[in-house]
Structure formats: C-alpha cells, structure tokens
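# Structural description and commentary
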Amino acid sequence: MSNRLIVGTRKGLFRIERTGTGNWDVTQTWFLGDPVSMLLPEPGGLRLHAALDLGHFGVKMQRSDDGGATWSEAPVPAFPPKPEGIEDKDPMRGLDVPWSTQLIWALEAGGPGEIWCGVVPGGLFQSIDGGESWALVRPLWDDPRRKKWMGGGYDFAGIHSILVDPRDPAHVTVAVSVGGVWTTRDGGAHWELIGSGLRNAYMPPEMAGDPLTQDCHRVVCCGASPDRLWMQHHNGIFRSDDGGENWHELSDVPPSSFGFAVTVHPKDPDTAWFVPAAKDEQRIPVDARLVVTRTRDGGQHFEVLHRGLPSEPAYDLVYRHALDVASDGERLAFGSTTGSFWVSEDQGESWQTVSNHLPPVLCVRFEE
Amino acid sequence: MTTLCFTPNLLRHVKTPTAHVVGSTVRQALEGYFRANPRVRGYVLDDQGALRQHVAIFLNQELIHDRINLSDSVREHDDIFVVQALSGG
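Residues numbered from 1 in each chain as written. Chains lettered and ligands numbered in written order. Predicted model: local features only at pLDDT ≥ 70, side-chain atom pairs only at ≥ 80, totals over all residues. Heavy atoms only, no water.

## Section: the overall build of chain B
Our working definition: Helix and strand assignments come from DSSP, with helices taken as H or I runs of at least 4 residues and strands as E runs of at least 2, each series counted from the N terminus. Relative accessibility under 20% of the residue-type maximum defines a buried residue, over 50% an exposed one, and the middle range a partly exposed one, all with a 1.4 Å probe and only protein chains included. Should any heavy atoms of two residues lie within 4.5 Å, those residues are counted as being in contact. All tallies of charge rest on Lys and Arg as positive and Asp and Glu as negative; His and the ends of each chain are not included. Lysine's charge is taken at NZ, arginine's at CZ, aspartate's at CG and glutamate's at CD.
Summing up its helical and strand segments, chain B has 2 helices and 5 strands in all. Each helix (α) and strand (β) of chain B, taken in turn from the N terminus, gives the series β-β-α-α-β-β-β. Going through the 89 residues of chain B one by one, you find that 45% of them count as buried. Sequence separation of 24 or more characterises 49% of the internal contacts of chain B that already satisfy a separation of 6 or more. One way to put it: in chain B the 9 positive side-chain charges average out to a point 10 Å from where the 9 negative ones average out.

Right, dumping it as structure tokens:
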C-alpha cells in the first residue's frame, strides 16, 4: 500500500504523503519554479528520475538515489546529428522536424537497468544502464511512416505512453500523439503499426480508420493481464483485449468520452478510471462539474464518481499523466491544470482534497 | 583574448564562470569554453549544436547573425554575452 506520491507541476516537483491522521499533505518540494514534465520512481523507493523542461535552456534530467534527499543532473536523451540533405518535415505544416529533444513525455522502467523514454518530437530512447546513457531507437525513428506523425497538443508529435510487457520486457508498445500505436517484440529492432478498430473524426472521413492518424491521448495496460489495454483517444474511449492489435470503441459514456487521462486497476483488467471533459472544442468539465468515471465490467457500464470533488462550478482539466493508481488498486490520485489535487482511498468512491493551490499539475506517480 | 560571460539566470542550474577564450568564430570560442565547462553546452546549444531557440548571443552588443553554425567572426578583445531571450516565456 503506497502512502506517498510525487507530483510534477508547471512550477516544481512536490511530494504528497499520507500523515498519521489520514490526511494527505504536501511534505516536500524540489525544483521550485521549473516545469517537471515527467517522473519515474523506480521500484524500491530510492531511485527517482525527474525530467525538467527549462524552456530557454532545454530539457534536463535529474536523478536521486536516496528517495529525493539529494538530486544530481543526469544525461539527457539527445538526438544524433541529422544527416545532411535529409528531408524531415511535419506533414501538417511543412516545418522541419527538429532533431532535438523538446520535451520528455514518457519514462518507464523495462528490464533490469533498462529505461524507455518518449519525447517530443517523436523520438523513443532506450537506456540499458539506468539512465547513464541513452540511445535513440533508430528502427522506429527511421521508419518512413514516422514522418507522417503529426503534432497533437504540441507542435510536433510525441510519444507519451510506453507499455513494457511484464511477461517479456522485449515486448514494448508505445502510443503517439498523433501517430497511432506501435509495438515491438524484439526490444526495439522491429516495429509494427497496430490499432485496428480505432476511429478518428478529425481527418477526411475515408481516413477515419487509418491506424497511423490516430490521436491516442493515453494508453495503459493492466499489469496482471497485460493483453488488456485501455485508451483515452481524442475521439473516445477504446479497449483492447489482445495487446493493442484490435480495439473496441465504448460509446455512450457519461458525461463524455473525451478526456486525456486513464488508469487501470493493476490486478483487475475490467476496472479503469477516466476524467472526462467536454470534447475538444472546450476541454473543461461537462457542465463545469468535475467528475471521475469508472468502469468495473470492462466498459459495459460506467459510473460517475463525484463524492468529495467540487460541488461548485469547476474548470479543471486533467492532463494525460496526471491520474495514477497505486499498486493495490485502491488508492488513486489526480491533479488538474488549475492546481487542485485529490486522493481517493476507496477506488474513487470518495475523494479528499489535498490542495487547490498547486501549480498546474503535469504528472502524478505513486511511490511504491 | 575574447571575454565570454553568461546571463545570471543560468546560475540557478549550472555554474557559468566568466572566462577568457580563444577562437576566430563564436563556435570556436564556445567550444573552448565547453571543454572546460562541459555541462554548460546543453543549456546553450540544442542536440544539433545550434543555438537554442530562446537563447541569444550578443557579440559586442550586437546579436550574432548565424544561430545555426555560429560562424560570426570574433576578434581579440571582443565580448561575447550569452543571454536568454524574453520570447521563451
């Protein structure tokens, strides 16, 4: 059972812990003033990775080996020199895709010592030495279909979800905004574009089912049942029962099937949570009422959960990495763009407000 | 020798002592500095070695012209000042 979280925000890194009275409070802060775009607490609780987005001065990696007592700067995933004469342009706008890491958007542990990192503008990096060095996964970057990826939320495409199969760390699946779902079964040497059944409504109608143009906002998989994937997509909620090869759209989800965040119970593949919003033109809670939706039967039904969430009008948006579930499947936490933060100890039935005054929340991770 | 100094805004993140450097271009002057202060490179240049989008370099109070190759000529006793552009927010 996890009693603490790390939270990356627009203005620093925060730790939130359960106190003896059962309240959850902010207990530590680091990097105040700096955006923290992604976090990875490694199992065991001592080693933490934090990706900083220093704006003017680029992205930086910070690492702690003592649970956050001290931090030191670590190597950043960097692109190799761009070959002379190569054309690499964003297909929507015709601008040159920068071969330079602009944002660290995903960090996940793989096999022993292995870390995967997804970035904007669409690179996937692998470290086999715990983050001491990084290598661009060239087979994916060099796939000609990668040049059809488009920006989604940012000017250039980005990899935001990395799923490492707990049965086989060489089986890795990534999701791209905007570029669909890709999987490798040999540790990154070969990649397959998957995603039959996904549907978009923002491209010409005849391209609605094109796997390459799917804007997956976030994809998660159930640790105990890794073939079960849940996706919050730009155009709805999808479920896969075969590791992302095929997807089923779940329609009529109240109050909306639009959103960014999704998380799945680590032991029960049929239980997943979402934070809905009025669809893409607005991106605020439907009717200004912030709720969490939950399914416990694989998406046949959805419950709307709101006990402890604001009763007054609320305009919080929850980003794709800002909702997490602890390994026990009981505790959940999420934070919003308005700097509010909530924790649940009962699978979302009720929520405790931790703060309404944090900076905009970018990512949330339970520490186990 | 050319004097190279940095915006104090960088000091929150990395030590950037003012230094006297040699080189006939901005690139050469910076490379000499980075050899002695390797951590500073990633704060000033992007992965391809170009000037970061929201960093600017003044050469004797004039913005340099070549932000990609940093080929602007440098003479002895010039001053190079690395600043953050306000465009970066």
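## Structural notes on the sheet that holds strand 23 (residues 303–305) of chain A
All names here are of chain A. Under the convention used in this document: Pairing between two strands is assigned when DSSP locates at least 2 bridges connecting them. To obtain an axis, a line is fitted to C-alpha atoms, over the contacting stretch when the element is a helix, and the angle between two such axes runs from 0 to 180 degrees between their N-to-C directions.
The 4 strands are arranged 20-21-22-23 in an open sheet whose pairing can be described as antiparallel. In the strand order of this sheet, the two ends are held by strand 20 (259–264) and strand 23, each with one partner. The sheet shows a mean angle of 25° between the axes of neighbouring strands, direction not considered.

## Topic: the interface of chain A and chain B
Threshold: Accessible area that two parts lose when put together, with a 1.4 Å probe and added across both, is what the buried area reports. Any carboxyl oxygen of Asp or Glu within 4 Å of a side-chain nitrogen of Lys or Arg constitutes a salt bridge here. Identification of polar contacts relies on pairs of N or O atoms within 3.5 Å, with a donor-acceptor requirement for protein atoms, meaning one able to donate a hydrogen and the other able to accept it, and with residues adjacent in sequence counted only if both atoms are side-chain atoms.
Between chain A and chain B, the contact holds 18 residues from the first and 17 residues from the second. Buried surface at the junction of chain A and chain B, summed over both partners, amounts to about 1400 Å²; 48% is from carbon and sulfur atoms. Of all residues in chain A, A:His56, A:Phe57 and A:Glu73 give up the largest surface area on contact with chain B, accounting jointly for 53% of the area buried on that side. Between A:Glu73 and B:Arg39 there is a salt bridge, with the nearest N and O atoms lying 2.3 Å from each other. The interface formed by chain A and chain B contains 13 residue pairs in polar contact (both at pLDDT 80 or more).

## Considerations on the pattern of salt bridges
Counted under the stated rule, the structure contains 23 salt bridges over all chains. Across the salt bridge formed by A:Asp34 and B:Arg12, the nearest N and O atoms sit 3.2 Å from each other. Linking A:Asp34 in the loop between strand 3 (24–30) and strand 4 (36–41) with B:Arg12 in the loop between strand 1 (2–6) and strand 2 (19–21), this pair reaches from one chain into another. The buried category is assigned to A:Asp34, whose relative accessible area is 7%. A relative accessible area of 53% places B:Arg12 in the exposed class. Among the ionic pairs, A:Lys89 bridges to A:Asp96, the shortest N-O distance being 2.7 Å. In this structure A:Asp96 comes out as partly exposed when scored by relative accessible area, which is 46%. Through salt bridges with shared partners, one network takes in A:Arg228, A:Arg239, A:Asp241 and A:Asp270.

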